[in-house]
Amino acid sequence: MNTIDRHLPDEAAMKTWRRAIHQHPELGFDEFETSCLVADQLRDCGFEVHTGIATTGVVGTLSWGQDGGKGGPRLGLRADMDALPIHEETGLPWASRNPGRMHACGHDGHTAILLGAAQVFGRLLREGRLPGSGTLNLIFQPAEELGGGGGAKRMLEEGLFERFPCDAIFAMHNFPGVPTGHFRFRPGPFMASSDKVLIRFDGKGGHGALPHLAADPTLPAAATVLALQGIVGRNVDPVDMAVISVGRMSAGKTYNVIPATAELELSVRALRPEVRDRLEQRICELARGQAAAHGVGCDIRYERGYPVLINSAEQVRFATDVARELVGDDKVDGNAPPLSGSEDFAFMLQQVPGCYLLIGNGDNGFAGGEHLGPCSVHNPHYDFNDACLAPGAAFWVALARRFFGG
């Protein structure tokens, strides 16, 4: 380890914050208790605190050096705060006390990690040990889990980077199954776009015994389900990732009546913006073509959600070097495989160059308080691994000190 050891965060405090947040999970734009905890801790650390951004978002700023940091580098670090509408089944002493709500994605841990780093930054400022001059913006974001209308977009719409300019921005997410203290990075596209599509076929209902007097919408719906995968197989370069999943099919209410309408609801994902555009074009063409072939109408609601998350090569190199110096080459993957999941930090990366990275969450599944092994996020048996707290916060401190010339 290097000199950063003298500035390690308080692991016990982070664990206390993390478990308190875990016990009281709040859904997107309802993180009032969590926001209060964050704001109070930031004030205690000497940060200037700004609340109410995107309803429950919090930004803590720290400036130092000549002219109060003006003209110096400006760094943004972001953590998400919201929980999921899942009933927890871990059986842990700090399990959710809010039925039907759970921190099943580790945002409680992300928040505690950034607060732990804030504690160190505040101490370094009081000791006059922050290098050079500059401004540090710690961004605590609500509603990452809400799809296209998530908290990152709302914060940007409310002037996040106009109020708190950043030259670069970074965010971290835990990754179950990867050992704790290990880091993963990737330049370029790292996480997929996520779009929601509702297709409704409008026909003419009728008696099941008299199909010639009806215009059956289930036929184009069924044909569309089968044909959709041909888009991925024949309209997308095989080296590119594309996913079209039919999550819902709905038509009729009884066996002997031909329904007047049939609906399909799709999840569509891609790792390149141009592939995303191509998927939308072909899905709409295919559905309308099937409707025309079967003599029914077609209405399509195509809702674009999170864009492709694209990391900046320069910031990835910078962050990877920091991680290697901190934990060693054997614990750092600088070219990790991309993920088909989505993340609204992508909106921030469209405005400011930066890097989204992963930290290993190790063995994190529980049932009845007993270990199950690695457990995926968005699972009722998931828990954030507290062994991630110290290396996560130490990484943020090391990255910031390097960014500001320390």
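Refer to the structure above for everything that follows.
Keep in mind that what you see is a predicted model, and the values were worked out from it rather than measured.

Caption draft 1: A look at the environment of Val296. Along the chain, the position of Val296 falls in the loop between α7 (273–293) and β13 (297–304). Separated by 77 residues in sequence, Val296 and Leu219 have C-alpha atoms that sit 9.7 Å apart. Beyond its immediate chain neighbours, meaning those up to four positions away, Val296 contacts Phe201, Asp202, Gly203, Ala215, Asp216, Pro217, Pro220 and Ala291.

Caption draft 2: Seen up close, the packing of aromatic side chains. Under the defined criterion, the tally for this structure stands at ten aromatic pairs. Summarising the aromatic geometry, the rings of Phe345 and Tyr356 are spaced 5.9 Å apart at their centres and angled 35 degrees between planes, so their arrangement reads as tilted. With Phe345 in helix α9 (residues 345–349) and Tyr356 in strand β16 (residues 354–362), the pair connects residues that are eleven residues apart, well separated along the chain. Residue classification places Phe345 among the buried residues on the basis of a relative accessible area of 0%. For the pair Phe395 and Trp396, a centre-to-centre distance of 5.5 Å together with 50 degrees between the ring planes defines the contact as tilted. A residue is classified by how much of its surface remains accessible, and Phe395, at 0% relative accessible area, is buried.

Caption draft 3: Main features of the sheet that holds β13. Strand order across the open sheet formed by four strands is β10-β12-β8-β13, with antiparallel pairing between neighbours. Whereas interior strands pair on both sides, the edge strands pair on one side only; in this sheet they are β10 (242–251) and β13. Across the sheet, the mean angle separating the axes of adjacent strands is 15 degrees when strand polarity is ignored. Judged from the ten bridges that link them, strand β8 (residues 193–202) and strand β12 (residues 261–270) form a sheet pairing that is antiparallel. Residue pairing across strands places Asp195 opposite Val268, the latter belonging to β12. Contacts between helix α6 (residues 218–235) and the sheet are confined to β8, β10 and β12, with β10 contributing the most and set at about 170 degrees to the helix. Contacts from α7 reach β8, β10, β12 and β13, with the element oriented near 165 degrees to β13.

Caption draft 4: Examining the side chain of Arg18 more closely. If you trace the backbone, Arg18 turns up in helix α1 (residues 11–23). Among the residues examined, Arg18 registers a relative accessible area of 0% and is labelled buried. Within the structure, the side chain of Arg18 is placed 3.0 Å from the side chain of Asp383, a separation counted as a polar contact. Looking at Arg18, its side chain comes within polar contact range of the side chain of Asp386, at 2.8 Å. With sequence-adjacent residues up to four places away left out, Arg18 is seen in contact with Trp94, Asp108, Gly109, Ala112, Asp383, Phe384, Asp386 and Leu389.

Basis of the calculations
Throughout, residues of each chain are indexed from 1 in the direction in which the sequence is written. Owing to the predicted nature of the model, reporting of local features is limited to residues with pLDDT of at least 70; listing and counting of side-chain atom pairs is limited to 80 or more, with chain, interface and lining totals taken over all residues. Hydrogens and water molecules were not included; the side-chain quantities draw on all heavy atoms of the structure. Comment: elements are numbered from the N terminus, with helices defined as DSSP H or I runs of at least four residues and strands as E runs of at least two. Any two residues whose heavy atoms approach within 4.5 Å at even a single point are treated as in contact. Between the rings of Phe, Tyr and Trp (Trp by its six-membered ring), a pair exists once the centres lie within 6.5 Å; its type follows the angle of the planes, with under 30 degrees stacked, over 60 edge-to-face, and the other angles tilted. Each residue's exposure class comes from its accessible area (1.4 Å probe, protein chains only) as a fraction of the maximum for that residue type: buried when under 20%, exposed when over 50%, partly exposed otherwise. The pairing criterion is simple: DSSP has to find at least two bridges between the two strands. To obtain each axis, a line is fitted to C-alpha atoms, and for helices this fit is confined to the stretch in contact; angles are then taken between N-to-C directions over 0 to 180 degrees. Within 3.5 Å is the distance limit for a polar contact, defined as a pair of N or O atoms, with the added protein rule that one can donate a hydrogen and the other accept it, and that residues adjacent in sequence qualify only through two side-chain atoms.

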